[in-house]
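Here is what each chain is made of, one letter per residue.
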Amino acid sequence: TYTINVKTSNHKNDSGKYNTHIYAYDSEGKYSIVELGTEIPENQAPKITDAKITNVSKNGYTVTCKVTDDGSLDRVQMPTWSENGDQDDLIWYTATKSGDTYTINVKTSNHKNDSGKYNTHIYAYDSEGKYSKVELQTEIPDGNQAPEITNAKITNISKSGYTVTCKVTDDGSLDRVQMPTWSENGDQDDLIWYTATKSGDTYTINVKTSNHNNDTGKYNTHIYAYDSEGKYSVVELQTEIPDGNQAPE
Ligand SMILES: [Ca+2]
Ligand SMILES: [Ca+2]
Ligand SMILES: [Ca+2]
Ligand SMILES: [Ca+2]
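Quick notes on the rules
For every chain, the first residue of its written sequence is number 1, and the numbers climb from 1 along that sequence. Chain letters and ligand numbers both follow the written order, the letters beginning at A and the numbers at 1. A pLDDT threshold of at least 70 governs which residues receive local features in this predicted model, and a stricter bar of 80 or more applies before side-chain atom pairs are shown or counted, although totals over entire chains, interfaces and linings include all residues. The basis for the side-chain values is all heavy atoms of the structure; hydrogens and waters are excluded. Note that water is not among the atoms used; donors are N, O and S atoms within 2.8 Å of the metal (3.2 Å for Na, K and Ca), so sites may look incomplete. In these descriptions, tetrahedral denotes four donors with every angle between 85 and 135 degrees, square planar four donors and octahedral six donors with opposite donors over 155 degrees apart and the rest between 65 and 115, and irregular any other case. For helices the rule is a DSSP run of H or I covering at least 4 residues; for strands it is a run of E covering at least 2, with both sets numbered from the N terminus onward. Type-normalised accessible area, obtained with a 1.4 Å probe on protein chains alone, sets the label of each residue: buried when under 20%, exposed when over 50%, and partly exposed for intermediate values. Strand pairing is assigned whenever DSSP identifies at least 2 bridges connecting the two strands. Lines fitted to C-alpha atoms define the axes here, with helix axes fitted over just the stretch in contact, and angles between the N-to-C directions of these axes take values from 0 to 180 degrees.

Enquirer: A description of the coordination of the calcium ion (ligand 1) should follow, citing residues and the corresponding values.
Expert: The protein atoms that coordinate the calcium ion (ligand 1) are N43 (OD1), Q44 (O), D69 (OD), D69 (OD), D70 (OD) and D126 (OD), at distances of 2.2 to 2.6 Å. Coordination at the calcium ion (ligand 1) is irregular, judged from the six donor atoms that bind it and the angles of 51 to 170 degrees they form at the metal. Between the donor residues of the calcium ion (ligand 1), the gaps in sequence give the motif N-Q-x24-D-D-x55-D. In this pair, Q44 sits in the loop between β2 (31–40) and β3 (47–57) while D70 sits in the loop between β4 (60–68) and β5 (73–82), placing the two residues 26 residues apart along the sequence. Residue class for Q44 comes out partly exposed when judged on its relative accessible area of 46%.

Enquirer: An account of the sheet that holds β5 is requested, with residue identities and associated values reported.
Expert: One open sheet accounts for four strands, arranged β6-β5-β9-β10; its pairing is antiparallel. Each end of this open sheet is capped by a strand with a single partner; those strands are β6 (91–94) and β10 (131–140). When strand polarity is set aside, the average angle formed by the axes of neighbouring strands in this sheet is 25 degrees. As judged from the seven bridges shared by β5 and strand β9 (residues 116–126), these two strands associate in the antiparallel manner. Among the inter-strand pairings, S82 is bridged to a residue of β9, identified as Y118.

Enquirer: Pulling in residues and values, what's your account of the coordination of the calcium ion (ligand 2)?
Expert: In this structure, S82 (O), S82 (OG), N84 (O), D86 (O), D88 (OD) and D89 (OD) serve as the protein donors to the calcium ion (ligand 2), at separations of 2.2 to 2.6 Å. Geometry at the calcium ion (ligand 2) is irregular, judged from the six donor atoms that bind it and their angles of 69 to 158 degrees at the metal. Positions of the donor residues of the calcium ion (ligand 2) along the chain correspond to the pattern S-x1-N-x1-D-x1-D-D.

The structure is reproduced here in structure tokens:
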């Protein structure tokens with residue numbers, strides 16, 4: 001029995017049809033020939049399956065997939081960026097391997113702490129440079145919401161003034177609640193930015209008309225609630241101060 005092992009690496013890594021002719025010689029130079037042919041399949045790009053994003057939080061997420069190749073897999077890379085500011089934060093992560101499974105952990109702290117849409121593309125390369133690609137996208141929840149203003153109301157209206165109260169809550173740290181106030185008479189000539197006093201979640205100011213040219217008629221109070229990162233909400237209120245001085249009847 002006679003055997004050879006043909007390696008495509010000795011034949012320019014060619015795929016497609018190969019010919020092997022067998023020559024058998026005896027000692028007087030007589031010989032026979034048998035001609036064989038076969039087909040070497042073309043190198044296929046790696047296969048990416050089960051690509052998915054898990055563990056999404058404001059801190060980041062995990063990307064996993066399975067990758068297999070008909071020959072020799074070289075590497076799996078996962079370029080990642082947030083949509084905010086486009087690819088200003090692009091990182092080409094090299095995935096870590098465990099069996100056929102490839103994984104990266106994306107931290108938002110490596111991407112300017114952006115929230116909103118993120119893109120991760122998976123590239124799997126084999127040793128000949130052939131590659132496959134899968135595109136994934138996810139949404140990172142906003143880590144910081146603006147303060148919530150509820151129950152905003154005006155009470156105790158008299159010719160001397162009125163009281164403004166509201167509840168304000170924040171998912172993080174509330175910084176301050178301010179209530180700019182002015183009478184419509186003469187527009188903002190009497191504008192005062194009151195800083196509300198706090199009692200539990202309730203914020204209050206007392207507006208005195210004596211601080212506003214003793215104006216009557218329409219008054220505006222806008223409520224601004226700021227958190228420690230500068231996010232804010234606004235509620236606009238309006239009331240009517242009765243004219244304190246009636247003409248004689
Ligand atoms: Ca391959
Ligand atoms: Ca970005
Ligand atoms: Ca907040
Ligand atoms: Ca005014």
